[in-house]
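If you want the building blocks of each chain, they are given just below.
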Amino acid sequence: MGITLKYNVDGEDFTRAGEASGEIKKTLKKLGFPPETVRNVAIAVYEGEINMVIHADGGEITADLSEDEITVTLADKGPGIPDIDMAMKEGYSTAPENVRALGFGAGMGLPNIKKYSDGMDIESVVGQGTTIKLKFIPK
Amino acid sequence: MKVTEAVKLLEADVLCGDAGDVEICSACGSDMMSDVLAFVKEQACLLTGLVNPQVIRTAEMMDIKCVIFVRGKKPDEDILSLARAKDIVVLRTGMSMFSACGALYSGGLRGGKPA
Ligand SMILES: Nc1ncnc2c1ncn2[C@@H]1O[C@H](COP(=O)(O)OP(=O)(O)OP(=O)(O)O)[C@@H](O)[C@H]1O
Ligand SMILES: [Mg+2]
């Protein structure tokens, strides 16, 4: 197959967060990937997209699709994550009260991403941004 | 359980979608969307007191076909049109979260296991 999808995620508009994930989900479904794979990708990328909007003023999502592997890169130029091990812990969140009122900030996003993907690599530099690479093996 | 059955148990209004088409096998009640995203179960419905488009997005990603807003909360037209586009049935009940979950549980619906 060898298809690449690219989306800009607007950091200003919380109501539109999830559009890129929705598009990716629709495309995977149309291409005939297994339903469980489609859902795993959708959930993981959606958590990443929400993080970009609430923690990093938006960013860019790139998905590379082939029959035996899907890779997704979520890149932002936000504040970065000072302690990645801490950020990966269930329940750890720096989200302010206004984000919690929107239904996010439980500190479950990154652990969920790990759970739903078959490989997760985070690179983050404080003051420069964060890049998360995800791998999914269709099954 | 058919969504039409849930409508009766919850004395709910159907705000969009065709309740007769959808079958639900479990339920998840939460106002925190990333808690919901940690929960995987086939053919679940989502009960929430949170009203914003991300509720519909969360349902979309999880293949949840029915969203139930509790405590009489009224989603706006933007939320409903997103739900229509994603083929999600939206209900509204005047019941509290606790009572709505209780009514569905008594009607035979179960929570399902977390993934
Ligand atoms: N892209 C990012 N840029 C900067 N910080 C981030 C980014 N993603 C996550 N973080 C940091 O890691 C923490 C944990 O992220 P995680 O997604 O697990 O939880 P959350 O977003 O706070 O809450 P939830 O995902 O449950 O809504 C965040 O609170 C934030 O401090
Ligand atoms: Mg998050």
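What you see is a predicted model, and the numbers here were worked out from it, not measured in a lab.

Parameters and conventions
- Residues numbered from 1 in each chain as written.
- Chains lettered and ligands numbered in written order.
- Predicted model: local features only at pLDDT ≥ 70, side-chain atom pairs only at ≥ 80, totals over all residues.
- Heavy atoms only, no water.
- Near = heavy atom within 4 Å.
- Polar contact = N/O pair within 3.5 Å; in protein donor to acceptor, adjacent residues only side chain to side chain.
- Areas by Shrake-Rupley, 256 points an atom, 1.4 Å probe, with all protein chains shown as cover.
- Contact = heavy atoms within 4.5 Å.
- Buried area = accessible area lost by both parts, 1.4 Å probe.
- Salt bridge = Lys/Arg side-chain N within 4 Å of Asp/Glu carboxyl O.
- pLDDT = per-residue confidence, 0-100.
- Pairing = 2+ DSSP bridges.
- Helix = DSSP H or I, 4+ residues; strand = E, 2+ residues; numbered from the N terminus.
- Axes fitted to C-alpha atoms, helices over the stretch in contact; angles between N-to-C directions.
- Buried < 20%, exposed > 50% of the residue type's maximum accessible area, 1.4 Å probe, protein only.
- Right-handed = clockwise from strand over helix to strand, strands pointing away.
- Parallel < 35°, antiparallel > 145°, perpendicular 65-115°, else oblique.
- Left-handed = near helix turned anticlockwise from the far one by under 90°.

Points about the site of ligand 1
Around ligand 1 sit 23 residues, and of these His 55, Ser 93, Thr 94 and Gly 105 of chain A together with Ser 34 of chain B come closest. Neighbouring residues of ligand 1 are distributed over chains A and B. One of the backbone N or O atoms of Gly 107 of chain A is found 2.8 Å from an oxygen atom in ligand 1. Between ligand 1 and Met 108 of chain A there is a distance of 2.8 Å, counted from an oxygen atom to a backbone nitrogen or oxygen. Contact with the protein chains removes 96% of the 590 Å² of surface that ligand 1 exposes when unbound.

Some points on the interface of chain B and chain A
The interface of chain B with chain A comprises 22 residues on the first partner and 27 residues on the second. Interface area, chain B with chain A, both sides summed: about 2000 Å², of which 53% is carbon and sulfur. Of all residues in chain B, the largest losses of buried area upon contact with chain A belong to Leu 37, Gln 54 and Met 61 of chain B, amounting jointly to 31% of the total for that side. For the pair chain B and chain A, the interface holds two salt bridges. Residue Asp 63 of chain B pairs with Lys 25 of chain A through a salt bridge whose shortest N-O separation is 2.4 Å. The interface formed by chain B and chain A contains 14 residue pairs in polar contact (both at pLDDT 80 or more).

Examining the confidence of the model for chain B
Averaged over chain B, the pLDDT score is 93; the fraction of residues at 70 or greater is 97%. Scored by ipTM, the complex comes to 0.94, with pTM at 0.96.

Describing the sheet that holds strand β5 (residues 129-136) of chain A
Residues and elements named next belong to chain A. One open sheet holds the five strands; their spatial order is β1-β2-β3-β5-β4, and the pairing between them is antiparallel. Where the open sheet ends on each side, the last strands, each with one partner, are β1 (3-10) and β4 (120-125). Strand-to-strand twist of the sheet, defined as the mean angle between neighbouring strand axes without regard to direction, takes the value 10°. Pairing analysis gives seven bridges linking strand β3 (residues 69-76) to β5, with the strands arranged antiparallel. Of the residues in β5, the one forming a bridge with Leu 74 is Ile 132.

Details of the pattern of salt bridges
The final tally for this structure, using the stated rule, is ten salt bridges over all chains. Close ionic contact of Arg 84 of chain B with Glu 77 of chain B constitutes a salt bridge, the shortest N to O distance being 3.0 Å. The class for Arg 84 of chain B is partly exposed, based on a relative accessible area of 45%. Each of the salt bridges in this network shares a partner with another, and the network as a whole consists of Arg 16 and Glu 19 of chain A together with Arg 57, Glu 60 and Lys 86 of chain B.

Side note on the pairing of strand β4 (residues 66-69) of chain B
Residue and element names in this part refer to chain B. Of the two faces of β4, the one holding Cys 66 and Ile 68 and the one holding Val 67 and Phe 69 are both buried throughout. In this region the chain leaves strand β3 (residues 44-48), passes through helix α3 (residues 53-62) and returns to the parallel neighbour β4; the handedness of that crossover is right-handed. Pairing between β4 and strand β5 (residues 89-92): four bridges, direction parallel. Within the sheet, the bridge partner assigned to Phe 69 lies in β5 and is Arg 92. Handedness of the β4-helix α4 (residues 77-85)-β5 crossover: right-handed.

A closer look at the packing of helix α1 (residues 3-10) of chain B against helix α5 (residues 97-106) of chain B
All names here are of chain B. Here α1 crosses α5 at 125°, and the two axes come no closer than 9 Å. By the angle class used here, α1 and α5 are oblique. As for how α1 packs across α5, the hand of that crossing is right-handed. Between α1, through Ala 6, Leu 9 and Leu 10, and α5, the contact on the second element is made entirely by Ala 100, Ala 103 and Leu 104.

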